[in-house]
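Here is how the chains run, residue by residue.
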Amino acid sequence: MKSKLKFRAHVKILQFIEELDYGCGKNLLCDVLTGKKTKQIKRLNLDKKILHGSLALYDKKDVMGLINLLLHKKYIRYQRPKGKYFKILKLTEKGKKELNEPHDTEDLKSSINNSFKIEKITEEDKKIFCKLGACLEDISDEQKKAVIEKNSRILCIAGAGSGKTTVLTKRIWFLTNFRNVPQEKILAITFTRKARKQMRYQLEKLIPGNRINVETFNSFSEKVLRKHKDLIYDKEFKVLGFKEKKNLLFQILKEKDYSAEDAIDLYFSEKKVSKDDEVSLFLRFMYDIFSVLDYQRNNRMTQDQLIRDLHAYKNKRLGKFLAEVISKIEFYKQKLGYRDFTDQIVHTLEFFNNNKEMIPDFSHILVDEYQDVNDMQIELIDTLSPDNLFVVGDPRQSIYGWRGSRISHILGFSKKYDNGCILQLTKNFRSDDHIVDVINAVISPMKLPDLNAHKDKNKDSVVLVEHDSEKTEMEFVVQSILAQEIKRKEIFILARTNSQLDKIEPMLRKAKIGYVKKTTGFSLRKSRPPKDDEITMSTIHAIKGLEAEIVYVLGATTKYFPCIASDHPVMEMLKLNNSYDKFDEELRVFYVALSRAKSKLIINNHGSKSIFFTKKALKLIKKKIDLTQQIKWKYSKKKKFNDDKGYEKYFVY
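Residues numbered from 1 in each chain as written. Predicted model: local features only at pLDDT ≥ 70, side-chain atom pairs only at ≥ 80, totals over all residues. Heavy atoms only, no water.

(A) Summary view of the sheet that holds strand S3 (residues 153–158). Strand order in the open sheet formed by 6 strands is S5-S4-S8-S9-S3-S10, and the pairing between neighbours is parallel. Each having just a single partner strand, strand S5 (213–216) and strand S10 (421–425) make up the two edges of the open sheet. Averaged over all adjacent pairs, the angle separating strand axes in this sheet is 15°, with direction ignored. Where strand S4 (residues 186–190) lies against S5, 4 bridges are found, and the strand directions are parallel. Each residue of the ladder has a partner; that of alanine 188, found in S5, is valine 214. Docked against the sheet, helix H8 (residues 141–148) engages S3, strand S9 (388–393) and S10, running at close to 145° with respect to S10. Along the sheet, helix H10 (residues 193–206) contacts S4 and S5; its crossing angle with S5, the most-contacted strand, is approximately 165°. (Pairing = 2+ DSSP bridges. Helix = DSSP H or I, 4+ residues; strand = E, 2+ residues; numbered from the N terminus. Axes fitted to C-alpha atoms, helices over the stretch in contact; angles between N-to-C directions. Contact = heavy atoms within 4.5 Å.)

See the structure below:
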């Protein structure tokens, strides 16, 4: 009966949108279906429609969540009527098909159904554990299994906080000490320079003075290009870094008689321009331009295809402008002898394909963050063709599909390697058990094994705080941080978008709270770790791999999870995101945010709760605080948030 009810709900939404010739927005749609009789509904005679009140038993928040789900699954879309400034909802072709042949809502929620065959720990494994004794005494049995496994093709599914770096370094140590693998025959690939530095540090403690090759995909490729530059290039080439990209873009804009402000006004919406500062917007514009070039090559699009798609955009002026800028960038890269980070891998692959005898011979390759690999990186691994491949990753944390990574590589590992082995690390050494229970419940639609907490029980580690507006939500977070006694470097503020960080930033400055800001785009400030008296505020994409004692999550609403707005208009414009399931990825982004917390997770929302809160997750979050009325009264009576001592109990958890 429950399944049928959900089925009817989403079909009723599709039916009403189809029947309404002139269309409507989300709020009006919710009001009609839940049976409201507002002045607007009566004026439009919508209360006379058969479907009026057809979802009267549903809460408006639930209906809004289901509409957002249908938007993200592309059953409906926004359309701007000719000559109008507003947008209305319309069925897509996919939505029309769904209306004729409906599925259950549960089928709509997630396109991923994972059933990995996990290798169990055998008695033979346990005998080896005993023989190794003290060598492996400080790690779990699952980690020991990953360290000693003999299979030549291994995927280790490592959950959040499960100690994957420990496994990678211990396995390398094991290979060199117990399998007699020459150190120079091992290549370990990390995704970031920071991760590479950390792995080298850990390996140096285990194997002093080692000769293990630890690289990122880019640093490995750059070394190949420099070593064989005379065979690859007919002139000197250098890396196109941030400074060079900025100067190149300014030069191209100047040639087109455009200022930075002109480019910003053309690229971003009027609302965006009015709210954000010019420097931040220009850096985002620059980041998007070069991201599109990366995406184009990572997905094997030709330059002609890309330019054609840009020219076909409905905003002809913007499409033409971007096409001209991107064409100029490619022209100057060749003329001035620049290679960017994607070129490093492209040129390396081209060199290896034409000179197979130059491909280095590694007997063992180990790859970290395998859930984030793109097609080109997979091609590089395949080209190196090691005798043994060990990859570590977590499908739950695959959140970079928007820039070209493909979760299908980790999900399809068993199909690619028939005789491969799947291992898992399920013990979470990072978070309190209450936090682990909540993140398990949130990510349960992926149908992966639950994580188990290593830490002692704490029933109040997770708090859900409801506010009456985004402004009061952020002011609460600032006040709560002021009341914390922990070192501030152990505090994160996490947001889904850059714009949320931009809004809370002046509040932090006013409260004299020092901070380090992290985003995925370009920044004029060099990234550095926070000092003891500084918090970290970050977008979720930029914080992955890091952790803190206390984590504040902003805006756990249907607006941000799943995210409706985009910080990357050109990516949306080209519809590059159609190649992956954005809704599923948005769920994983939410999971990554929650799983950063070690001892306290304070989730904030205003308005409709995110549809990613499963019923089980909400049930597990026993400490829920509604500050909507208190905060509303407080701000009408008091000028400063901390004037009233009576609310101090809400600030510290």
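(B) Here's a closer look at the pattern of salt bridges. Inspection of every chain in the model, using the stated rule, returns 45 salt bridges. Across the pair lysine 544 and aspartate 372 runs a salt bridge, and its minimum N-O distance is 3.1 Å. Taken together, the positions of lysine 544 in the loop between helix H26 (540–543) and strand S17 (548–553) and aspartate 372 in the loop between strand S8 (364–367) and helix H20 (375–384) put the pair 172 residues apart, joining distant regions of the chain. Across the pair, exposure class does not vary: lysine 544 and aspartate 372 are buried alike. Here the salt bridges do not stand alone but share partners, grouping Asp294, Arg297, Glu330, Lys333, Asp340 and Asp343 into one network. (Salt bridge = Lys/Arg side-chain N within 4 Å of Asp/Glu carboxyl O. Buried < 20%, exposed > 50% of the residue type's maximum accessible area, 1.4 Å probe, protein only.)

(C) Seen up close, the nonpolar core. Judged by nonpolar contacts, the single largest core of 136 residues is most densely connected at Ile13 and Phe285. Per-element accounting of this core gives the leading share, 10 residues, to helix H16 (residues 278–298). Not counting residues up to four positions away in its chain, the partners in contact with phenylalanine 285 are Leu249, Ala263, Tyr267, Phe268, Phe321 and Leu322. Listed in part, the 30 residues of the second largest apolar core include Trp173, Leu175, Ile207 and Leu366. (Core = buried A, V, L, I, M, F, W, Y, C linked by side-chain atoms within 4.5 Å.)

The values are spatial; any link to function lies outside them.
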